[in-house]
Amino acid sequence: MYLSRRERPGQDDLRYLKVLDDVSFSVGAGEVFGVVGPSGSGKTSLLRVLSSLEASDEGDVLLEGVSIGDVEPEEWRRRVSMVFQTPVMFPGSVHDNIEYPLELDGLSPVARDRRVADCLALVGLSASFSGREARELSQGERQRVAIARAIARAPDVLLMDEPTSALDPTSSRRILELVRTLHGEMEIAIVFVTHVLEQARELCGRVLVLADGRAVEVGAVEQVLEAPSSEIARMFVEGRLEPGSVGDAEANVDGGAR
């Protein structure tokens, strides 16, 4: 995947930055799959491609064997839903926010009300939250509402982009507990991006280490985070991998092998 950018303000020529390079992995039905890596490694860009918010220049994304290119974007986003790092609330009440995607599906008002109530219960919010002004909620409450909105259409896959990074420790703990609840209640596949390795250990069965837009290692979370087989993954786990330094690290490894 490439993104274009101007080299310097005012110049007309465009340069292209490869943000994802030969990233290949699979996620099983009902699996919690982790994606970890240093800042700037392409984690959010990866989720945006998986959710059809960005298009890749090469390769393909498959859902149950069907290519992303063969599905209308709106239908894809119904089946592959995303929770962003910073929760964005639409104007109106909590009920309005959760109901919005259900209106797109043409559900009756009664069916929408029932589904909103179910989603509030799933994310651990009482029915009294339904009428509250969404933009007046705390950050943790907003994230729960954002998750309720994301699961309202019962997607097959839920993409979560560091959903606890803007939260205090107590709210973070509640979101992690919520992820476990959703996984157990809905049997939904979850791709969970985090920079906190302990979260990956706690939630995920398998994990991908992404660095400089490349998949450097993927496997069982215990293996990858406790005894990584690649030097790049080992450097990341040990906190020695700086953003943009994969090429230098590989050169050092190659040089030491000769």
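Quick caveat: nothing in here was measured; it's all calculated off a predicted structure.

Parameters and conventions
Residues numbered from 1 in each chain as written. Predicted model: local features only at pLDDT ≥ 70, side-chain atom pairs only at ≥ 80, totals over all residues. Heavy atoms only, no water. Helix = DSSP H or I, 4+ residues; strand = E, 2+ residues; numbered from the N terminus. Buried < 20%, exposed > 50% of the residue type's maximum accessible area, 1.4 Å probe, protein only. Polar contact = N/O pair within 3.5 Å; in protein donor to acceptor, adjacent residues only side chain to side chain. Contact = heavy atoms within 4.5 Å. Pairing = 2+ DSSP bridges. Axes fitted to C-alpha atoms, helices over the stretch in contact; angles between N-to-C directions. Parallel < 35°, antiparallel > 145°, perpendicular 65-115°, else oblique. Left-handed = near helix turned anticlockwise from the far one by under 90°. Nonpolar A, V, L, I, M, F, W, Y, C, P; charged D, E, K, R; others polar.

(A) Seen up close, the side chain of Glu31. Residue placement: Glu31 occurs in the loop between strand S2 (14-18) and strand S3 (32-36). Judged by its relative accessible area of 15%, Glu31 is buried. There is a polar contact of 2.7 Å between the side chain of Glu31 and the backbone nitrogen of Gly28. For Glu31, the side chain forms a polar contact with the side chain of Arg206, separated by 2.7 Å. The residues touching Glu31, leaving out its near neighbours within four places in the chain, are Ser26, His183, Ile188, Ala189, Ile190 and Arg206.

(B) Spatial organisation of the sheet that holds strand S9 (residues 206-211). Here we have six strands laid out as an open sheet, ordered S6-S7-S8-S3-S9-S10, and mixed in their pairing. One side of each edge strand has no neighbouring strand; the edge strands of this open sheet are strand S6 (80-83) and strand S10 (214-220). Strand after strand, the sheet turns through a mean of 20 degrees between neighbouring axes, direction not considered. Bridging between strand S7 (residues 157-161) and strand S8 (residues 189-193) involves five bridges; their strand directions are parallel. Looking at S8, one finds that Val157 is bridged to Ala189. Relative to the sheet, helix H5 (residues 139-151) contacts S6 and S7, its axis offset from that of S6 by approximately 175 degrees.

(C) Highlighting the packing of helix H3 (residues 94-104) against H5. Packing of H3 against H5 leaves a shortest axis separation of 7 Å and a crossing angle of 25 degrees. The angle between H3 and H5 places the two elements in the roughly parallel class. As H3 packs across H5, the resulting crossing turns out to be right-handed. Contacts between H3 and H5 involve Val94, Asn97, Ile98 and Pro101 from the former and Val145, Ala148 and Arg149 from the latter. Of the residues belonging to the contact of H3 with H5, the class tally is five nonpolar, one polar and one charged.

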